[in-house]
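Structural overview for review
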There are 2 protein chains.
Amino acid sequence: MARWEPGTRERLARAALELFTTRGFEQTTAAEIAEAVGVTERTFFRHFADKREVLFDGQERYRQAFLDGAAAAPPGATPFEVVASALRSAGAFFGEERRAFARARQAVIDANPALQERERHKRATVAAAMRGALLDRGIADPAAAVAAETTSTVFSIAFQQWISPGETRPLTQIADAVLAEVRSFAGAAS
Amino acid sequence: MARWEPGTRERLARAALELFTTRGFEQTTAAEIAEAVGVTERTFFRHFADKREVLFDGQERYRQAFLDGAAAAPPGATPFEVVASALRSAGAFFGEERRAFARARQAVIDANPALQERERHKRATVAAAMRGALLDRGIADPAAAVAAETTSTVFSIAFQQWISPGETRPLTQIADAVLAEVRSFAGAAS
């Protein structure tokens with residue numbers, strides 16, 4: 001058995017998503033995911049803490065993408081500029097090659113309230129990280145909180161649109177458009 | 001036993017919060033809450049589905065307060081005006097007499113991840129209701145989604161401030177100030 005075969009993790013993730021989609025998340029076991037890929041259950045658990053983590057893999061890199069974008073904004077940038085930079089970075093993290101997986105993943109999450117709660121938690125960690133980054137730049141609350149929550153909100157709305165049927169625009173472009181809506185909402189010239 | 005004594009529900013809620021605060025949420029049973037008030041466990045369950053619901057009682061009225069405010073905005077109001085009206089209504093729902101309970105409740109929630117998830121869910125239902133109200137007014141997505149999520153975000157930030165130590169301003173006033181921060185964030189004249 002090719003225990004350390006490159007790509008095992010990715011094959012496990014794809015097989016898991018396929019099973020979650022066809023049988024349902026609750027009805028799928030880690031053993032079945034492993035079997036679909038031809039590895040042992042133990043190998044599955046070497047890659048993922050549990051089957052749920054297949055859907056939330058990469059969360060740390062995701063959070064970091066926002067922080068890298070925030071850090072790339074020049075010193076003295078306004079909160080809006082910091083948020084725009086974070087959104088560009090996070091948007092670029094989700095390239096075209098991820099769209100199909102993201103669509104299928106979302107359908108699994110939409111069918112399961114516990115996974116939806118986990119997803120909301122993930123968004124809350126992004127907002128918390130952004131607030132920290134903004135406070136570190138000397139931006140005080142409530143401006144920091146508003147900017148941080150707006151980052152999370154704009155990204156969520158843009159992401160939902162990105163994975164909606166027939167949508168072909170890149171995520172970065174959609175996020176830009178949603179951020180422009182925030183300006184428009186607040187009565188700013190866009 | 002005064003089974004239908006007026007105020008039993010409120011006394012149960014206060015006793016529950018007191019026990020959650022002193023012993024911890026997990027360590028408190030419905031039977032203990034009932035006992036503290038001098039009623040049977042069965043009476044407790046006539047008022048609340050479970051001990052968690054003591055903390056989320058009134059959620060429907062809470063959601064309705066936003067919707068009432070949104071409905072009070074005149075026809076043709078901008079999304080921003082609808083949101084401002086919803087926030088005023090929801091802010092007024094939390095009068096000074098609720099602040100102490102809200103502070104103690106938040107401390108219990110902050111100590112328990114499952115309760116935090118429930119609280120995030122509650123916020124998500126407000127955003128969903130607001131989005132529905134905005135769509136019904138003929139405001140399309142993504143503007144409706146942005147305005148709805150902003151309602152929820154502004155309220156959450158304002159509410160956190162309202163229950164912070166030493167804060168004495170009414171919630172409506174704090175929510176106004178946070179909404180002004182959204183304008184400022186977006187670069188609009190405030």
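Conventions and cut-offs
- Along each chain, residue indices are assigned from 1 in the same order as the chain's sequence is written.
- Whichever chain is written first is A, and whichever ligand is written first is 1; the rest continue in order.
- Thresholds applied to this predicted model are a pLDDT of at least 70 for local features of residues and 80 or more for the giving and counting of side-chain atom pairs; totals over whole chains, interfaces and linings are not thresholded and use all residues.
- Hydrogens and waters are ignored; side-chain quantities use all the structure's heavy atoms.
- Each copy is superposed on the other by least squares, with the fit set by C-alpha atoms of residues at a pLDDT of at least 70 in both.
- Residues are treated as being in contact if the distance between any of their heavy atoms lies within 4.5 Å.
- One side-chain nitrogen of Lys or Arg within 4 Å of one carboxyl oxygen of Asp or Glu is enough to make a salt bridge.
- Numbered from the N terminus, helices here are DSSP runs of H or I no shorter than four residues, and strands are runs of E no shorter than two.
- Using a 1.4 Å probe on the protein chains alone, a residue whose accessible area is under 20% of its type maximum counts as buried, one over 50% counts as exposed, and one in between counts as partly exposed.
- By this rule, a helix spans an expected 1.5 Å times one less than how many residues it contains.
- As used here, buried area is the combined drop in accessible area, with a 1.4 Å probe, of two parts when they are placed together.
- Polar contacts, as used here, are pairs of N or O atoms within 3.5 Å; protein pairs need one atom able to donate a hydrogen and one able to accept it. Residues neighboring in sequence count only if both atoms are side-chain atoms.
- Put simply, Ala, Val, Leu, Ile, Met, Phe, Trp, Tyr, Cys and Pro go in the nonpolar bin, Asp, Glu, Lys and Arg in the charged bin, and everything else, Gly too, in the polar bin.
- Axis geometry follows a simple rule: fit a line to the C-alpha atoms, using only the stretch in contact for helices, then measure angles between N-to-C directions, giving values from 0 to 180 degrees.
- Convention used here: angles under 35 degrees read as roughly parallel, angles over 145 as roughly antiparallel, angles from 65 to 115 as roughly perpendicular, and any remaining angle as oblique.
- Each crossing gets its handedness from the near helix: less than a right angle anticlockwise from the far helix is left-handed, clockwise is right-handed.
- Two aromatic rings from Phe, Tyr or Trp, using only the six-membered ring of Trp, form a pair when their centres are within 6.5 Å; if the ring planes differ by under 30 degrees the pair is stacked, by over 60 it is edge-to-face, and anything between is tilted.
- Each nonpolar core is a collection of buried residues, namely Ala, Val, Leu, Ile, Met, Phe, Trp, Tyr and Cys, held together in the definition by side-chain atoms within 4.5 Å.
- Confidence of the prediction at every residue is given by pLDDT, a number between 0 and 100.

Considerations on the relation of the copies chain B and chain A
Placing chain B over chain A gives an RMSD of 0.0 Å and needs a rotation angle of 180 degrees, together with 0.0 Å of translation along the axis. Taken together, these values place the two copies in the relation of a two-fold axis. Both copies contact each other with a shared surface, as 100% of the interface residues of chain B are interface residues in chain A too.

Comments concerning the pattern of salt bridges
All names here are of chain B. Inspection of every chain in the model, using the stated rule, returns 20 salt bridges over all chains. Of the charged contacts, one joins Glu-119 and Arg-105 as a salt bridge, the two residues approaching to 2.7 Å between their closest N and O atoms. Here Glu-119 is found in helix α8 (residues 113-136), whereas its partner Arg-105 is found in helix α7 (residues 99-110), with 14 residues between them in sequence. On the accessibility criterion, Glu-119 (8% relative accessible area) is buried.

Section: helix α1 (residues 8-23) of chain A
Residue and element names in this part refer to chain A. With 16 residues, α1 should cover 22 Å at 1.5 Å per step; its first-to-last C-alpha distance of 22 Å lies within 8% of that length. Considered for burial, the residues of α1 that qualify are Thr-8, Leu-12, Ala-13, Ala-15, Ala-16, Leu-17, Leu-19 and Phe-20. Check the buried side of α1 and you find it contacts α2 (30-37), α3 (41-47), α4 (51-55) and α7 (99-110). The first or second residue beyond α1 is Gly-24, which carries a positive phi of 105 degrees.

Some words on the interface of chain B and chain A
Contacts between chain B and chain A engage 24 residues on the former and 24 residues on the latter. Note on chain B versus chain A: buried area summed over both sides is about 2200 Å², and carbon and sulfur give 74% of it. A per-residue breakdown of the area chain B buries against chain A is headed by Arg-120, Val-146 and Phe-185 of chain B, which together make up 32% of the total. At the surface where chain B touches chain A, the tally comes to 4 residue pairs in polar contact (both at pLDDT 80 or more). Counting residues per element, the ones that place at least two in the side of chain B that touches chain A are α6 (79-93), α8, α9 (143-162) and α10 (171-185) of chain B. The element that contributes the greatest number of residues to the side of chain B that touches chain A is α9 of chain B, accounting for 8 residues. Per-class residue counts for the side of chain B that touches chain A are 15 nonpolar, 4 polar and 5 charged.

Quick notes on unusual backbone geometry
Glycine aside, residues mostly have negative phi angles, and peptide bonds mostly take the trans form. In this structure, Pro-142 of chain A follows Asp-141 of chain A across a cis peptide bond, with omega equal to 0 degrees. Looking at the secondary structure, you find Pro-142 of chain A in the loop between α8 (113-136) and α9 (143-162).

With respect to the environment of Glu-60 of chain A
As for its position among the elements, Glu-60 of chain A is in helix α5 (residues 59-72). A polar contact is formed between the side chain of Glu-60 of chain A and the side chain of Arg-63 of chain A, at a distance of 3.2 Å.

Concerning the packing of α9 of chain B against α10 of chain B
When two helices pack together, their arrangement is given by the angle between their axes and by how far apart the axes lie. All names here are of chain B. Look at α9 against α10: their axes get within 9 Å of each other, and the N-to-C directions meet at 130 degrees. It follows from the interaxial angle that α9 and α10 lie oblique. Handedness of the α9/α10 crossing: right-handed. Contacts between α9 and α10 pair Thr-150, Val-154, Phe-155, Ile-157, Ala-158, Phe-159, Gln-161 and Trp-162 from the former with Leu-171, Ile-174, Ala-175, Val-178, Leu-179 and Val-182 from the latter.

Notes on the packing of aromatic side chains
Residue and element names in this part refer to chain A. Evaluated as defined, the whole model comprises 28 aromatic pairs over all chains. Judged by centre distance (5.9 Å) and plane angle (75 degrees), the rings of Tyr-62 and Phe-94 are edge-to-face. Residue Tyr-62 is located in helix α5, and its partner Phe-94 is located in the loop between α6 (79-93) and α7; the two are separated by 32 residues in the primary sequence. The exposure class assigned to Phe-94 is buried, which follows from its relative accessible area of 12%.

Quick notes on the side chain of Ser-152 of chain A
Counting through the fold element by element, Ser-152 of chain A comes out in helix α9. Residue contacts for Ser-152 of chain A: discarding those within four places in its chain leaves Arg-123 and Ala-127 of chain A.

Considering the nonpolar core
Nonpolar side chains in soluble globular proteins tend to be buried together. Core analysis: the largest hydrophobic core is formed by 86 residues, its most contacted members being Phe-66, Met-130 and Phe-155 of chain A together with Phe-66, Met-130 and Phe-155 of chain B. The residues contacting Phe-66 of chain A, other than those within four sequence positions of it, are Ala-86, Leu-87, Ala-90, Val-126, Met-130, Thr-151 and Phe-155 of chain A.

What to know about the confidence of the model for chain A
All names here are of chain A. Summarising the model, chain A shows a mean pLDDT of 92, and 95% of its residues fall at 70 or more. Confidence scores differ between elements of chain A, with α8 showing the lowest mean pLDDT of 92 and α6 the highest of 97. Interface confidence for the predicted complex, expressed as ipTM, amounts to 0.80; the pTM equals 0.85.

Quick look at the packing of α5 of chain A against α8 of chain A
Residue and element names in this part refer to chain A. Where α5 contacts α8, the axes come no closer than 10 Å and their chain directions differ by 30 degrees. As judged from the angle between their axes, α5 and α8 are roughly parallel. Considering the relative orientation of α5 and α8, their crossing is right-handed. Counted together, Gln-59, Tyr-62, Arg-63, Phe-66, Leu-67 and Ala-70 of α5 and Arg-118, Lys-122, Thr-125, Val-126, Ala-129, Met-130 and Ala-133 of α8 form the full contact between these two elements. Among the residues forming the contact of α5 with α8, the class breakdown is 8 nonpolar, 2 polar and 3 charged.

Here's the deal with α8 of chain B
Residue and element names in this part refer to chain B. Here α8 spans 35 Å end to end across 24 residues, near enough to the 34 Å set by a 1.5 Å rise per residue. Structurally, the start of α8 carries an N-cap: the backbone nitrogen of Ala-114 is 3.0 Å from a side-chain oxygen of Asn-112. Phi turns positive, to about 90 degrees, at Gly-138, one or two residues after α8.

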